[in-house]
Amino acid sequence: MLAWDWPVFPLLVLFWLENVVVGLQTVLSMLLAGPADIALWVAKLFMVPFFCLHYGMFTAIHGKLVFGIFGGKGYDFLDRGFLPVHAAQQAIGKYGLWLPLAALAGSHLFSFLWDYLLRGGYRRAVLTELMQQPYSRVLVLHVTILFGGWAVMLLGSPLWAMVLLVAVKIWVDLKAHLKLHAKK
């Protein structure tokens, strides 16, 4: 980003869009978990809609804040409804985010197909754990928006928001990595 002078805003949009992809993947994972367990299907009737509403609200609000705080005045007129769909389409087109978004979505799709479906992860999946997994990403964006937005207002540069995003993301990923390998 620094070497090639990439703007901060499209990278924040891309991270937010990846949260949307992760949310969709989580819904699929929850729906396909333990297909032979009838009791689990009853739990899914409550947990899947709850996740869609709860995670969806966080994601929609974060999207509105990313476009509102970091997108500038060019995104104000696009911000009419609860979901920032038009603003996202505008940013994807303007910054050429189709390819990186497709790469991110493809990576998550490959992982879903390979690890979850082909290697049988869906048989061992715990519904509550599946539901909790994407919230670390929500935390990363939440901290970035709150403190990064504050830094932008104080320091006048969106660079500090990206520095914060990278630092918090590395911290959350490292913590998750260490937790995963501690189980093994």
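Structure report, in brief.

**A short note on the overall build of the protein**
Looking only at helices and strands, the protein features eight helices and zero strands. Its helices and strands taken in sequence order, the protein reads α-α-α-α-α-α-α-α from the N to the C terminus. A principal-axis box enclosing the C-alpha atoms of the protein has dimensions of 55 × 40 × 30 Å. Here the protein holds 184 residues, and 38% of them are scored as buried. A sequence separation of at least 24 residues applies to 70% of the contacts in the protein between residues at least 6 apart. Accessible surface for the protein amounts to roughly 11,200 Å². Of this, 72% is attributable to carbon and sulfur atoms. Of note, the protein has its 14 positive side-chain charges centred 4 Å away from the centre of its 8 negative side-chain charges.

**A word on the packing of aromatic side chains**
In this structure the tally under the stated criterion is 11 aromatic pairs. Centroid distance phenylalanine 9 to tyrosine 95: 5.9 Å. Interplanar angle 70°. Geometry classified as edge-to-face. One end of the pair, phenylalanine 9, is in helix H1 (residues 8–32); the other, tyrosine 95, is in helix H3 (residues 85–95), and 86 residues separate them in sequence. For phenylalanine 9, a relative accessible area of 7% puts it in the buried group. A ring pair is formed by phenylalanine 51 and tyrosine 135, whose centres lie 6.1 Å apart and whose planes are at 85°; its orientation type is edge-to-face. Separated by 84 residues along the polypeptide, phenylalanine 51 in helix H2 (residues 38–70) and tyrosine 135 in helix H7 (residues 135–155) bring together distant segments of the chain. You can call tyrosine 135 partly exposed: its relative accessible area is 21%. Through a chain of ring-to-ring contacts, the aromatic side chains of Phe9, Trp16, Phe67 and Tyr95 assemble into a single cluster. One residue, lysine 44, lies across the ring of tryptophan 41, its end atom 3.6 Å from the ring centre.

Procedures and definitions
- Within any chain, residue numbers begin from 1 and follow the written order of that chain's sequence.
- Totals for whole chains, interfaces and linings use every residue, but because this is a predicted model, local features are given only for residues with pLDDT of at least 70 and side-chain atom pairs only at 80 or more, for both listing and counting.
- The side-chain values count all of the structure's non-hydrogen atoms but skip hydrogen atoms and water molecules.
- Under the DSSP-based scheme used, a helix requires at least four consecutive residues in state H or I and a strand at least two consecutive residues in state E, with every element numbered from the N terminus.
- Accessible area is worked out with a 1.4 Å probe on protein chains only. A residue is then buried under 20% of its type maximum, exposed over 50%, and partly exposed in between.
- The criterion used for residue contact is that any of the two residues' heavy atoms lie within 4.5 Å.
- Note on areas: these come from Shrake-Rupley sampling with a 1.4 Å probe, and a residue is covered only by the protein chains present in the view.
- Counting rule for charge: Lys and Arg are taken as positive, Asp and Glu as negative, and neither His nor the chain ends is counted.
- To locate a charge, take atom NZ for lysine, CZ for arginine, CG for aspartate or CD for glutamate.
- Pairing of aromatic side chains requires ring centres within 6.5 Å, counting the rings of Phe and Tyr and the six-membered ring of Trp. Pairs whose planes differ by under 30 degrees are stacked, by over 60 edge-to-face, and all others tilted.
- When the NZ atom of lysine or the CZ atom of arginine is within 6 Å of a ring's centre and also within 35 degrees of its normal, the charge is said to sit over that ring.

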